[in-house]
Amino acid sequence: FTVGQYSKEDVAKLLGKITVPNTKPENRKIKFMETASTQLKPTGKRRKQDREKSDMKQTLCLSSSVTKVREYTVPGVDNVYHISLGKSGRFWVSDGDGNLVQTDLQGKQLQKIQTSGRIEGYHTVTQDKDLIYTDIHNKVINRITPDNTITEFIKTGDWIPLSIHSSHINGDILVGMVKKREAKVTRYNKTGTEIQNIQRDNKGQTLYGLPRYITENINGDVCVSDYSKHAVVVVDKSGQHRFSYTGQGSEFRPYGICTDVLGHILVCDTRIIGNSDTVHLLDQDGHFLSLLLTSQQGVDDPRSVCVDDENNLWVGQLNTNTVTVYKYLQ
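A brief report on the enclosed structure follows. (Residues numbered from 1 in each chain as written. Predicted model: local features only at pLDDT ≥ 70, side-chain atom pairs only at ≥ 80, totals over all residues. Heavy atoms only, no water.)

1. Notes on the overall build of the protein chain
Counting its regular elements, the protein chain contains three helices and 24 strands. Taking all 330 residues of the protein chain together, 47% fall into the buried category. Once local pairs closer than 6 in sequence are excluded, the contacts in the protein chain between residues at least 24 apart make up 43%. Total accessible area on the protein chain is roughly 18,300 Å²; 47% of this is exposed by carbon and sulfur atoms. (Helix = DSSP H or I, 4+ residues; strand = E, 2+ residues; numbered from the N terminus. Buried < 20%, exposed > 50% of the residue type's maximum accessible area, 1.4 Å probe, protein only. Contact = heavy atoms within 4.5 Å. Areas by Shrake-Rupley, 256 points an atom, 1.4 Å probe, with all protein chains shown as cover.)

2. Quick notes on the nonpolar core
Grouped together as the largest cluster of nonpolar side chains are 31 residues, with contacts concentrated most on Leu266 and Leu313. With four residues, the top contributor of residues to this core is strand E19 (residues 265-269). One finds Leu174, Leu207, Val222 and Ala231 within the second-largest nonpolar core, a separate group that totals 14 residues. (Core = buried A, V, L, I, M, F, W, Y, C linked by side-chain atoms within 4.5 Å.)

3. Describing the pattern of salt bridges
Applying the stated rule across the entire model yields eight salt bridges. For Asp130, the salt bridge identified is with Arg143, shortest N-O distance 2.9 Å. Note that Asp130 is positioned in the loop between strand E6 (123-125) and strand E7 (131-135) and Arg143 in strand E8 (residues 140-144), a separation of 13 residues in sequence. Here the two residues Asp130 and Arg143 agree in accessibility, since each one is buried. For the salt bridge of Asp221 with Arg242, the shortest nitrogen-to-oxygen distance reads 2.5 Å. Residue Asp221 is found in the loop between strand E14 (211-216) and strand E15 (222-226), and its partner Arg242 is found in strand E17 (residues 241-245); the two are separated by 21 residues along the sequence. The structure contains a network of salt bridges with shared partners spanning Asp221, Arg242 and Asp285. (Salt bridge = Lys/Arg side-chain N within 4 Å of Asp/Glu carboxyl O.)

This is the structure in structure tokens:
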């Protein structure tokens, strides 16, 4: 490397220069536009919500122990393969026989629907508080409005919709689908327009085999519990593969999956070998943190998990129609 022998004047000749007059600048009074400041100012409710979420993330951490805080017995189902939390005091539960039941916290059955769903996370509550669920026979996604009207919402063409999740970030709808030996995740906006398909990694390899459960993390990652791949498959919001978590040892058999306000990933493991009745806790990047729940906490064949607004973990199991709620953050 040889240093060039050029002066400032040489550079100025090449690029030009700015001449600043030696005069005192005029002081001007600037009046803010009231309309602009009003539009940019968040509402008091929104400011409060953002502040509460920020404070929550700063103060919450993993508890040193997991505590059972309550149980709910759900009428009309034999087991609990998936849970969708609705508006305050109500939630939806599905079993392995196609029964989809809405109940309140007192155990009163509010609605029951016979569906084609079985052992998948096939229903979710939208930002509008409607329940949407997949119909594998007719290859559609149905919507149940608050007045209990069932309407056809999205047609999935040749693809069979298995799992579904409504984004808490922007209301997008994520659907895990299969067709013959293919599988993919499709993103729809809240009105049902298809906007993204995720099927292969950047090497052309298939990402999914049987996407039975699906959720989204706080950073926009799409997290799929894939029973066929024996893995939790995670891609970023653009569809790029980030990582796959394959459990701790052999025969990882993932079922229900969810995330929490800290970005943790929680997934049920029901592997047969070793009699694993556990819920795994991962960080946002797929690193194993702990077996959050085991048979020592009374968990028997967990199938579904979700986290409520109070950051409690709801767990559904194979051999009971009781949903158990645990506190694991403090």
